[in-house]
Amino acid sequence: MTRLVRPDAVLVQAVIAGALSFAHLHDLAEAAGQDGWKAWAYPVSVDLLLVAAWHRLRSLRDAGEPSRSAWSWFAVALAASLGANVATAGLLDLRDVPDWLRILVAGWPALAFLGGTLLVHRPTPSSAPEPDPDPAPLPVVERETGSGEADELSAMPAPAPVPATAVTAPPALVAHAQKIAADHRTRTGSDIDIETLRARLGVPSPMAEAIAAQLA
């Protein structure tokens with residue numbers, strides 16, 4: 001069975017009010033010298049700014065942030081809409097619009113563009129996450145040591161120092177060093193020292209000391 005859609009009285013009222021406000025804005029813009037499609041664009045601009053300001057106002061209120069800027073632009077758009085409705089009610093001669101009203105109508109696009117840009121591109125500040133609480137320190141358990149156990153600990157010898165890693169020279173390098181040492185002994189009559197051996201081999205000092213120990 002097809003369900004009949006019943007018209008909502010509030011929705012019908014909103015459509016009628018919107019159409020009348022749209023027409024009043026169009027008539028005022030046309031009387032102020034904005035003819036053609038420009039006169040039809042003015043009502044759209046005013047209504048869009050009104051909706052954008054209301055949407056921004058709701059977002060700021062839900063986020064708990066100050067909403068004065070959104071209220072300001074909502075008041076500007078509402079004043080433009082109400083002003084057009086009042087001006088076209090017979091209080092203003094649309095055949096002879098004053099200059100100040102022509103200036104306001106001509107300057108509205110720039111004002112609406114500024115308001116729309118500020119409303120749309122202004123990010124909603126988000127609440128910073130709360131830092132995690134510092135973990136509680138672990139309890140320190142003190143161990144009671146008897147006199148006998150303390151004597152045993154004091155009698156234990158101190159651990160021997162760990163020797164440094166020994167440097168191992170390759171056998172081929174040791175054989176080459178033996179030839180250099182023999183040649184040095186033949187020429188000078190004395191054993192080669194570590195610094196001369198290091199310079200002749202081109203190796204670091206620890207390596208030269210390890211090779212010299214094997215030559216001794």
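Residues numbered from 1 in each chain as written. Predicted model: local features only at pLDDT ≥ 70, side-chain atom pairs only at ≥ 80, totals over all residues. Heavy atoms only, no water.

A. Inspection of the layout of surface pockets at higher detail. Roughly 390 Å³ of volume is contained in the largest pocket. Surrounding the largest pocket, 19 residues form its lining, Leu28, Ala80, Leu101, Leu104 and Val105 being those nearest its centre. Elements with a minimum of two residues in the lining of the largest pocket: α1 (9-31), α2 (37-63), α3 (68-91) and α4 (99-121). For the lining of the largest pocket, the element with the most residues is α4, which contributes 7 residues. A class-by-class count of the residues in the lining of the largest pocket yields 17 nonpolar, 2 polar and no charged. (1 Å grid on protein atoms, 1.4 Å probe; cavity = no way out; pocket = protein on both sides within 12 Å on 5 of 7 lines; lining within 4 Å. Points joined across faces, edges and corners; volume = space filled by probe spheres on them. Helix = DSSP H or I, 4+ residues; strand = E, 2+ residues; numbered from the N terminus. Nonpolar A, V, L, I, M, F, W, Y, C, P; charged D, E, K, R; others polar.)

B. Summary view of α4. Between the first and last C-alpha of α4 there are 34 Å, a value that for 23 residues agrees with the 33 Å anticipated at 1.5 Å per step. At Trp108, α4 is bent by approximately 40°, the largest bend along its length, and proline Pro109 sits one to four residues beyond. Taken as a whole, α4 has its buried residues at Leu101, Val105, Trp108, Ala112, Gly115, Gly116 and Leu119. Residues of α4 that are buried sit in contact with α1, α2 and α3. (Expected span 1.5 Å × (residues − 1). Bend = angle between axes of the 7 residues up to and from the residue. Buried < 20%, exposed > 50% of the residue type's maximum accessible area, 1.4 Å probe, protein only. Contact = heavy atoms within 4.5 Å.)

C. View of the pattern of salt bridges. Counted under the stated rule, the structure contains 3 salt bridges. Of the charged contacts, one joins Arg187 and Asp183 as a salt bridge, the two residues approaching to 3.0 Å between their closest N and O atoms. Note that Arg187 and Asp183 are positioned in helix α6 (residues 171-188) at a spacing of 4 residues, about one turn of the helix. Residue Arg187 is classed as exposed on the basis of its relative accessible area, which comes to 52%. Between Asp191 and Arg185 there is a salt bridge, and its shortest N-O distance comes to 2.9 Å. Since its relative accessible area comes to 55%, Asp191 is described here as exposed. Taking the relative accessible area as the measure of exposure, Arg185 reaches 41% and is therefore partly exposed. (Salt bridge = Lys/Arg side-chain N within 4 Å of Asp/Glu carboxyl O.)

D. Summary view of the nonpolar core. Counting 24 residues, the largest nonpolar core has Leu49, Val105, Trp108 and Leu119 as its most contacted members. Elements with a minimum of two residues in this core: α1, α2, α3 and α4. For this core, the leading source of residues is α2, giving 7 residues. Of all hydrophobic cores here, the second largest spans 12 residues; its members include Ala177, Ala181, Ile192 and Val203. (Core = buried A, V, L, I, M, F, W, Y, C linked by side-chain atoms within 4.5 Å.)

Spatial relationships are all this shows, so hold off on functional conclusions.
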